[in-house]
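# Fold and geometry: a report
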Amino acid sequence: MGINDVVLLGDEAIALGALHSGLGAAYGYPGTPSTEILEYLIGLYEKGSGPRASWCANEKTAYEEALGASFAGLRALVTMKHVGLNVAADPFVNSALVAIKGGLVLAVADDPGMHSSQDEQDSRFYAEFAMIPCLEPANQREAYEMTREAFDLSERFQVPVMIRITTRLAHSRAGVGVRGARAGNPLGKSTDKAAWTLLPGNARRRYDRLCAIQAELQAWSAASPWNVAEASSRAADFAVITGGLGRNYFEENLGDLGVSGPPSRLHIATYPLPIEKIRRLAAANKRILVIEEGAPFIEKALRGILPSGVEVNGKLDGKLPRTGELNPDNVRAALGLVPRPSARIEVPPLPSRPPQLCQGCPHADSYAAVAKAVEGLPSTLITADIGCYALGALPPFNVPEALVCMGASISMAVGAAEAGYENVVAFIGDSTFLHSGLTPLVDAVSRGAPITIVILDNSITAMTGGQPALLPSGRLEEIARGVGVDVAHVLTIDATRAATDANVAVFKREIAHRGVSVVIARRECLEAIKAKKKKGSAAVEAAKEACE
Amino acid sequence: MTHDIVLAGVGGQGVLSIAAIIARAAMAEGLAVRQSEVHGMAQRGGAVSAHLRISDAPIRGDLIPSGGADLILSMEPVESLRYVSFLKPDGVIVTAAEPFVNIADYPDLGPIIKAIEGLARSRVVAAAELARKAGSIRAVNMVIVGAASAFIPIAPDRMERSIAELFGAKEASVVEVNLRAFAAGRASAAAGRAAGAE
Ligand code: SF4
């Protein structure tokens, strides 16, 4: 390894690339596999050796705060996972119309294979939808370098720029050669008011401008050295286009392509697609296999770009699996290679071992109490939300019946109660509540929907590695009352096994109540206690007692 | 030279810390390293695996292909068998002997161990016991690193230095316990199956 090599996760390489680009501010919402980008920067910020870096209430506020920093002239980074971009879609799409001042880079981590997600949507569609450039690194070094380039592009074209990565890069470490840092921008807001006030008249002009620069973006992409074409001496029957990690898995199999030699290839790392390079490759080949991580984004585009004589293979014709991640093996099969031999032993059937709540997790006690409280009740309906407690949908709990996206526990409960279900309970974690639960609570209160909301307050964002809660534990009661939940129906319980009987009684009463109830089930996450213990905090003992 | 290792275990067993020690030693040898980790939901008590690739040439991907792994290194017998399709025909399994039972249908251990021993050079290491003898049950991961070191083309003293650095911030006794655990694991792997038999 070279002298300037630092061992970094893909996520961290983006963080360092941003830092060395003269970063002025970074915001985000934790979400696997994106979390470690901002975590790295927050670590520096808290030590006083980096610019402001903060977790936010949700991805939309994070995006808007980054946009505000950009408006004020600073270079800003905003991070989230793919589904988080749905939450931030409003500011994201609109920010393509303003005149970006300080470079604004969105780093979004997709999760094909759904290791820790509810879907495997591909963020490249969002970049195309918003008509902004997107860079897709395939290794840690590229993650670092492309992030640096993204800030330049953002200031050059005055649009936000997306860095798209996927799970395996986000969470894999390698040595990265780093270069010197440049200075940040001075504070100084954009003076182009017309470009930043998106009233219809202004927005129309800005949209025309966005459409007009597409040719320039296309020219940039066409000339980008990240898109590498390699012609082969092989007969012109077959070529490969790779995107993202697809390149790595292709190269993994390259040595086995045998006598016919490697096919001609084009690696695509920039969007909008480098159309001319694609056409040139197609002109010399009869068949093209597209190996890209995520949705068949390039593949679909090819069908529109290429003459009909060229056969396109990929995820749409089943050569590669339409869902899940690429890996060296499914890419190998798509290349027509036989599987490598592997060890041959008789393995007895193995039980599956799905993730589960930690032994002694407070959520387990809350689920047990509610399950008991609804026992025998007619017309019950139970929703839950995103976080560790989603695991309550698996055995042995099997409590929630629906679990869709951040905040939907409460809003779906409102809809179901208004549809006619009588005993409706919504489970939501404290950080998810702050993320997307406040607004549906307003709906519920405004119409007096007969639902019981259980806020699981473990004072931490546990699933993503224990980010501290944004507001102090204890503020939730005030919030519920402040929004207008009847004081008598804002209750706090100890989420412990010892308190089960008392808790069951509370739930029975509140579920029977024909209006909004908010029950805050409070006990610290075990991981949070462990983390504190590591820090040698004194609060541990008290918290531990509550668990037992 | 390339050496691909699949690390296996249950979320919370410290699979990543094992990967980190080996990766650190490999880098100190001047080798290229890729270490692919599992974060998020799977870490909660579920089956987890990590891929560690070591090479003296640039490494292409973060994932090991089927039939490509030289070694499966597992904290737990059942988990060691979950990834056998990744193993080269002459690959090796090194696993801790002690089952981690957090599921109701945990199978009979006999056939599991027998399957592991179906691979000629595999090792089932009484890791917990060796760790206890070394001075702390918490050093069980170091026993596993030690046992694996017998199969990984990195000098053992390089591994020891990597351990010493990792625990360097703690008291000297912690470093000693972990180094003893490493040595015990290495010796047991070298001695063959005897150590894991009981
Ligand atoms: S990390 Fe915390 S919240 Fe998540 S399952 Fe464990 S104890 Fe429960």
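Here's what I pulled together on the structure shown here.

### Section: the pattern of salt bridges
Residues and elements named next belong to chain A.
- Applying the stated criterion across every chain, the model contains 37 salt bridges over all chains.
- A salt bridge links arginine 332 to aspartate 256, with the shortest nitrogen-to-oxygen separation between them at 2.8 Å. Of this pair, arginine 332 sits in helix H15 (residues 328–334) while aspartate 256 sits in the loop between helix H12 (246–254) and strand S11 (264–268), and the two are 76 residues apart along the sequence.
- By relative accessible area, which is 7% here, arginine 332 ends up buried.
- The closest approach of N and O atoms between glutamate 418 and arginine 447, which form a salt bridge, is 2.8 Å. You can see glutamate 418 sitting in helix H17 (residues 408–419) and its partner arginine 447 sitting in helix H18 (residues 430–447), a full 29 residues away along the chain.
- Residues participating in the shared-partner salt-bridge network are Asp110, Asp122, Arg124, Glu136, Arg164 and Glu292.

### Let's talk about the packing of aromatic side chains
Residues and elements named next belong to chain A.
- Summed over all chains, the structure comprises 7 aromatic pairs over all chains.
- A centroid spacing of 4.6 Å and a plane angle of 55° characterise the contact between phenylalanine 71 and tryptophan 196, whose relative ring orientation is tilted. Here tryptophan 196 lies in helix H9 (residues 193–196) and phenylalanine 71 lies in helix H3 (residues 59–71), a separation of 125 residues in the sequence.
- Judged by its relative accessible area of 15%, tryptophan 196 falls in the buried class.

### Brief notes about the site of the ligand
- Taken together, Leu357, Cys358, Cys361, His363, Cys388, Asn458, Ala462, Cys525, Leu526 and Glu527 of chain A together with Arg44 of chain B make up the full set of residues adjacent to the ligand.
- Nearby residues around the ligand are contributed by chains A and B.
- For the shell around the ligand, the class distribution of residues is 7 nonpolar, 2 polar and 2 charged.

### Concerning the sheet that holds strand S7 (residues 161–166) of chain A
All names here are of chain A.
- Spatially, S3-S2-S4-S5-S7-S6-S12 is the arrangement adopted by the 7 strands of the open sheet, whose pairing is mixed. The sheet is open, and its two borders are formed by strand S3 (52–55) and strand S12 (270–271), each paired with just one other strand.
- Where strand S5 (residues 104–110) and S7 come together, 6 bridges link them in parallel fashion. Within the sheet, the bridge partner assigned to valine 108 lies in S7 and is arginine 164.
- Contacting strand S2 (23–28), strand S4 (75–81), S5, strand S6 (134–135) and S7, helix H7 (residues 140–157) crosses the sheet at an angle of about 155° to S7.

### Examining the interface of chain A and chain B
- The partner chain B presents 46 residues to the 47 residues of chain A that form the contact.
- Here chain A packs against chain B, burying approximately 3900 Å² in sum over the two surfaces, 58% of which is carbon and sulfur.
- Broken down residue by residue, the surface that chain A buries against chain B is led by Ile345, Pro351 and Arg353 of chain A, which jointly contribute 20%.
- In this assembly, chain A and chain B are joined by 5 salt bridges.
- The shortest N-O distance in the salt bridge between glutamate 37 of chain B and arginine 173 of chain A comes to 2.7 Å.
- For the pair chain A and chain B, the interface holds 19 residue pairs in polar contact (both at pLDDT 80 or more).
- Where the side of chain A that touches chain B is concerned, the elements lending two or more residues are strand S1 (5–9), helix H8 (167–170), strand S8 (172–177), H12 and H15 of chain A.
- Broken down by element, the side of chain A that touches chain B gets its largest block of residues, 4 residues, from H12 of chain A.
- By the bridge criterion, 2 bridges tie S8 of chain A to strand S2 (residues 32–36) of chain B in an arrangement that is antiparallel. Looking across to S2 of chain B, one finds that arginine 173 of chain A is bridged to glutamine 35 of chain B.

Reading the values: rules and limits
Residues numbered from 1 in each chain as written. Chains lettered and ligands numbered in written order. Predicted model: local features only at pLDDT ≥ 70, side-chain atom pairs only at ≥ 80, totals over all residues. Heavy atoms only, no water. Salt bridge = Lys/Arg side-chain N within 4 Å of Asp/Glu carboxyl O. Helix = DSSP H or I, 4+ residues; strand = E, 2+ residues; numbered from the N terminus. Buried < 20%, exposed > 50% of the residue type's maximum accessible area, 1.4 Å probe, protein only. Phe/Tyr/Trp six-rings, centres within 6.5 Å; stacked < 30°, edge-to-face > 60°. Near = heavy atom within 4 Å. Nonpolar A, V, L, I, M, F, W, Y, C, P; charged D, E, K, R; others polar. Pairing = 2+ DSSP bridges. Contact = heavy atoms within 4.5 Å. Axes fitted to C-alpha atoms, helices over the stretch in contact; angles between N-to-C directions. Buried area = accessible area lost by both parts, 1.4 Å probe. Polar contact = N/O pair within 3.5 Å; in protein donor to acceptor, adjacent residues only side chain to side chain.

None of this, on its own, says anything about what the molecule does.
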